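Chain and residue survey
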Amino acid sequence: MDVVKGTINRYIRIAPCFMILMLFAVTFSIILNDTSQFLPVENIEVNCKNYWWRNMLFIQNMYPLSEMCLSWSWYVSTDFQLFIIASIILAISMKNMKLSALISFIIVAICSMYSGYVGIQQSFAFSLDVQYKSVDELYTKPYTRAAQYITGVWAGYYLSKVNRQWRVRKMLVNLGWALSIFTLLFLVFVQIYKETNFFISFVFPAVGRILWSLPICFIIFAGSTQFNEGFIAKILNSKLLLPFSRMSFSAYLLNPLIVMVLTFSCETSFHLDFYSMAVYISGFYLITYFAAYLFMLLFENPIIMFVRAYIAN
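This text gives an overview of the structure that appears in the document. For every chain, the first residue of the written sequence is number 1, and numbering continues from 1 along that sequence. In keeping with the predicted nature of the model, local features appear solely for residues at pLDDT of at least 70, side-chain atom pairs appear and are counted solely at 80 or more, and the whole-chain, interface and lining totals rest on all residues. Note that water and hydrogens are dropped before the side-chain values are worked out from all heavy atoms of the structure.

Section: the overall build of the chain
- Each helix and strand in the chain was counted, giving 13 helices and zero strands.
- Secondary structure elements in the chain, listed N-terminal to C-terminal, are α-α-α-α-α-α-α-α-α-α-α-α-α.
- Only C-alpha atoms enter the radius of gyration, while the globule expectation follows 2.2 Å times N to the 0.38, with N the number of residues. In terms of C-alpha radius of gyration, the chain reaches 21 Å, essentially the compact-globule figure of 20 Å for 313 residues.
- The classification of residues rests on relative accessible area computed with a 1.4 Å probe and restricted to protein chains. Under 20% of the type maximum is buried, over 50% is exposed, and intermediate values are partly exposed. The buried share among the 313 residues of the chain stands at 39%.
- Here the chain displays about 19000 Å² of accessible surface, and carbon together with sulfur accounts for 70% of that area. Helix and strand assignments follow DSSP, with helices taken as H or I runs no shorter than four residues and strands as E runs no shorter than two, numbered in order from the N terminus. For every accessible area listed, the method is Shrake-Rupley and the probe measures 1.4 Å; residues are considered covered only by the protein chains on display.

Here it is in structure tokens:
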């Protein structure tokens, strides 16, 4: 029953904001189709008219990206699906911790191996054309995200069990910081290599995202326990970031739509270079969070208050 209630609460928390975003997106899409000088990158008006029900059931990530109503919304569905799986695993852990851990390990192993297999089938590489062709198989599906999601769930579970008191030597913590930063930088810059080989096609889809999640888990551990010292930890613990974290869901929903509306409203194309892109990115950042703040006040916060009242009753 806790899993069912948690799923209902999660749905009520996400779905109304999602529906409101679809209304905004369809409205702007109709306007841009009549006024823009450029061809749309995705047919929001048609896709949302035909496939809006997939978004409401949070299953649009199981269909091709070309058919999605709001292509960036695949993550909402993937997160919702993995939330249900993680809730079931944690519910099992209340009765049988070993069985819960075994199920988690099996899911991680199967998803990782299957992702590697699909990577070989798709001849995965870091070139943009190959990644775009394999986006439906290796990017939006829940099995490509399950391993790192479950890793994060168990890391959070452990952090709550130790009550943020992590008994580790300071030397090992410093070593963890060094390895975490090195791993994150390696996973970013290894994508410079554009050739196709077995290591890239199998290993990276299979374990690349798990390798990314482990340093993130360590940084959260180090920043939220007694080892919250150092430049990075102080930034992450800064109260200045708290308002931005509360606006993250609204910003995520609105950002692609804002970029689309502003760029497709231009009368001419613009040249891409470092300085102009820096200006554009800064402007989009400010506009996105200003819009996210209004969206949060008008829609998201009232929904959160409703959910809390529903839970309380």
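Quick word on the pattern of salt bridges
- Salt-bridge detection follows one rule: a side-chain nitrogen of Lys or Arg within 4 Å of a carboxyl oxygen of Asp or Glu. For the structure shown, the criterion picks out three salt bridges.
- The salt bridge involving Arg10 is made with Asp79; its shortest N-O contact spans 2.4 Å. Note that Arg10 is positioned in helix 1 (residues 2-35) and Asp79 in helix 3 (residues 74-93), a separation of 69 residues in sequence.
- With its nearest N and O atoms 3.1 Å apart, the salt bridge here joins Arg54 to Glu67. Of this pair, Arg54 sits in helix 2 (residues 44-57) while Glu67 sits in the loop between helix 2 and helix 3, placing them 13 residues apart in sequence.
- Of the residues examined, Arg54 reaches a relative accessible area of 7% and is grouped as buried.
- Given a relative accessible area of 25%, Glu67 falls into the partly exposed group.

Brief notes about empty space enclosed by the protein
- We place a 1 Å grid over just the protein atoms. Points where a 1.4 Å probe fits but has no way out form a cavity, open points with protein on both sides within 12 Å along at least 5 of 7 lines form a pocket, and any residue with an atom within 4 Å of a point lines it. Grid points are joined across faces, edges and corners, and a volume is the space filled by probe spheres set on the points. Applying the stated rule across the entire model yields two cavities of 30 Å³ or more.
- The space that makes up the largest cavity amounts to roughly 100 Å³.
- Forming the walls of the largest cavity are 13 residues, and the residues nearest its centre are Ser29, Leu32, Asn33, Pro40 and Met260.
- Every element with two or more residues in the lining of the largest cavity is listed here: helix 1 and helix 12 (248-264).

Notes on the nonpolar core
- Within this scheme, the nonpolar core is defined by two criteria: the residues are buried Ala, Val, Leu, Ile, Met, Phe, Trp, Tyr or Cys, and they are joined through side-chain atoms within 4.5 Å. If you look at the biggest cluster of nonpolar residues, it comprises 33 residues, and the most contacted ones within it are Phe18, Leu21, Phe58, Leu70 and Leu253.
- Breaking this core down by element, the ones donating at least two residues are helix 1, helix 2, helix 3, helix 12 and helix 13 (274-312).
- When checking whether two residues touch, look at their non-hydrogen atoms; a contact exists if any pair is within 4.5 Å. When neighbours within four sequence positions are excluded, Leu21 is seen to be in contact with Leu70, Trp72, Leu253, Leu254 and Leu257.
- By size, the runner-up hydrophobic cluster in this structure holds 13 residues, among which are Trp166, Val173, Leu184 and Cys217.

Some thoughts on the layout of surface pockets
- In this structure, the largest pocket spans a volume of roughly 1100 Å³.
- Every residue lining the largest pocket is counted, 38 residues in all, and those nearest its centre are Trp74, Val135, Tyr139, Arg145 and Arg209.
- Secondary structure elements with two or more residues in the lining of the largest pocket: helix 3, helix 5 (128-133), helix 6 (135-138), helix 7 (146-161), helix 8 (170-189), helix 9 (198-224) and helix 12.
- A breakdown of the residues in the lining of the largest pocket according to their chemical character gives 22 nonpolar, 10 polar and six charged.
- The computed volume of the second largest pocket comes to approximately 840 Å³.
- For the lining of the second largest pocket, the secondary-structure elements that each account for two or more residues are helix 3, helix 7 and helix 9. Under this grouping Gly is polar, as are all residues other than the nonpolar Ala, Val, Leu, Ile, Met, Phe, Trp, Tyr, Cys and Pro and the charged Asp, Glu, Lys and Arg.

Describing the packing of helix 1 against helix 2
- Where helix 1 contacts helix 2, the axes come no closer than 10 Å and their chain directions differ by 170 degrees. It follows from the interaxial angle that helix 1 and helix 2 lie roughly antiparallel. Together, Tyr11, Ala15, Phe18, Met19, Met22, Ala25, Val26, Ser29, Ile30 and Asn33 of helix 1 and Ile44, Glu45, Cys48, Asn55 and Met56 of helix 2 make up the contact between the two elements.
- Here the contact of helix 1 with helix 2 is composed, by residue class, of 11 nonpolar, three polar and one charged. Each axis is a line fitted through C-alpha atoms, and for a helix only the stretch in contact is used; angles between axes span 0 to 180 degrees, taken between their N-to-C directions. Roughly parallel refers to an angle under 35 degrees, roughly antiparallel to one over 145, roughly perpendicular to one between 65 and 115, and oblique to any angle outside these ranges.

A few points about the state of the cysteines
- Put simply, a disulfide is two cysteine sulfurs that come within 2.5 Å. Summed over all chains, the structure comprises one disulfide.
- Covalent S-S linkage joins Cys48 and Cys69, the inter-sulfur distance amounting to 2.0 Å. Taking the torsion about the sulfur-sulfur bond, which here is approximately 85 degrees, the covalent link between Cys48 and Cys69 counts as right-handed. Residue Cys48 is located in helix 2, and its partner Cys69 is located in the loop between helix 2 and helix 3; the two are separated by 21 residues in the primary sequence.

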